[in-house]
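# Coordinate inspection notes
So you can see what is in the structure, the chains are spelled out below.
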Amino acid sequence: MPRPAQSPARRSLPNQVRIIGGQWKRTKLDVPERPGLRPTPDRVRETLFNWLGQDLAGWRCVDAFAGSGALGLEAASRGAADVLLVEADGGLVDALRAVVKRLDAGNVRVQRGNALTVLASLPAGGTDLVFLDPPFEADLFDKALAAALPALAPNGFIYLEAPSLWQGEALARHGLEALRHLKAGAVHGHLLRRTA
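I will try to describe carefully the structure that is included in this document. What you see is a predicted model, and the numbers here were worked out from it, not measured in a lab.

Once that is clear, we can look at the packing of helix α2 (residues 42-52) against helix α3 (residues 70-77). The interhelical angle for the contact between α2 and α3, taken along N-to-C directions, is 45°, at an axis separation of 11 Å. Classified by the interaxial angle, the pair formed by α2 and α3 is oblique. Crossing geometry of α2 relative to α3 is assigned as right-handed. Of the residues in α3, those in contact with Arg 45, Leu 48 and Phe 49 of α2 are Ala 70, Leu 71, Glu 74 and Ala 75. Residue composition of the contact of α2 with α3, by class: five nonpolar, no polar and two charged.

See the structure below:
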């Protein structure tokens with residue numbers, strides 16, 4: 001019996017992504033099917049970590065809309081001292097905790113909660129890198145940037161993934177500038193830092 005045709009959007013979503021570098025290089029991460037869950041593609045993560053440098057030893061990172069955990073786990077694999085994975089979906093939280101246990105990742109914590117609330121509760125200036133990859137349809141980009149800024153260390157970075165290019169006034173109103181930008185398919189990745 002022939003299988004029903006899948007929609008192009010569904011067919012293009014991977015069931016797994018892999019950690020690109022560091023101690024867990026080539027480790028596969030399952031990607032559960034969830035509405036709005038789009039794991040950052042391997043190629044995009046590889047470019048991002050080329051920008052940041054391969055060794056994140058001592059960095060404190062937050063993956064605010066963790067989903068599959070690919071961004072935060074990539075940072076942890078490359079030596080980040082403390083990585084917080086924040087996710088609202090209980091099933092995804094359970095999956096993240098299982099991965100952390102499997103990897104014996106003592107530098108990774110998983111917290112169930114609203115990303116904006118958790119970001120707002122973080123110690124001021126205590127985070128070196130914040131990953132912001134919210135569900136595109138939720139339009140949380142401005143709110144996420146505003147919530148992340150107080151937690152960001154003076155020389156820290158924000159990685160923003162969005163369906164359109166962020167530049168000029170859209171960043172200036174948050175006191176941010178783009179250091180790097182990439183476009184991969186329908187995704188724009190931005191490496192941001194404070195302007196002052």
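Enumeration over the complete set of coordinates arrives at four aromatic pairs. Centroid distance Trp 59 to Phe 157: 6.1 Å. Interplanar angle 10°. Geometry classified as stacked. With Trp 59 in the loop between α2 and β3 (60-63) and Phe 157 in strand β7 (residues 152-162), the pair connects residues that are 98 residues apart, well separated along the chain. Judged by relative accessible area, Trp 59 falls into the buried class, the value being 17%.

Our next topic: the nonpolar core. Grouped together as the largest cluster of nonpolar side chains are 39 residues, with contacts concentrated most on Leu 48, Leu 52, Leu 85 and Phe 131. Every element with two or more residues in this core is listed here: α2, α3, β4 (82-87), α4 (90-103), β5 (108-112), β6 (127-132), β7 and β8 (176-184). The leading source of residues in this core is α4, at six residues. Counting 30 residues, the second-largest nonpolar core is a separate cluster that includes Val 86, Leu 145, Ala 148 and Ile 158.

It is worth spelling out α2 at this point. For α2, the complete set of buried residues consists of Val 44, Arg 45, Leu 48, Phe 49, Trp 51 and Leu 52. For α2, the angular spread of the buried residues around the axis is 150°, confining them to a single face. The exposed residues of α2 that point more than 90 degrees off its buried face are Arg 43 and Asn 50. Turning to α2, the residues buried within the fold contact β1 (16-18), α3, β6, β7, β8 and β9 (187-194). Immediately beyond the C-terminal end of α2, within one or two residues, lies Gly 53, with a positive phi of roughly 105°.

What counts, and where the lines are drawn
Residues numbered from 1 in each chain as written. Predicted model: local features only at pLDDT ≥ 70, side-chain atom pairs only at ≥ 80, totals over all residues. Heavy atoms only, no water. Axes fitted to C-alpha atoms, helices over the stretch in contact; angles between N-to-C directions. Helix = DSSP H or I, 4+ residues; strand = E, 2+ residues; numbered from the N terminus. Parallel < 35°, antiparallel > 145°, perpendicular 65-115°, else oblique. Left-handed = near helix turned anticlockwise from the far one by under 90°. Contact = heavy atoms within 4.5 Å. Nonpolar A, V, L, I, M, F, W, Y, C, P; charged D, E, K, R; others polar. Phe/Tyr/Trp six-rings, centres within 6.5 Å; stacked < 30°, edge-to-face > 60°. Buried < 20%, exposed > 50% of the residue type's maximum accessible area, 1.4 Å probe, protein only. Core = buried A, V, L, I, M, F, W, Y, C linked by side-chain atoms within 4.5 Å. Arc of directions from axis to C-beta.

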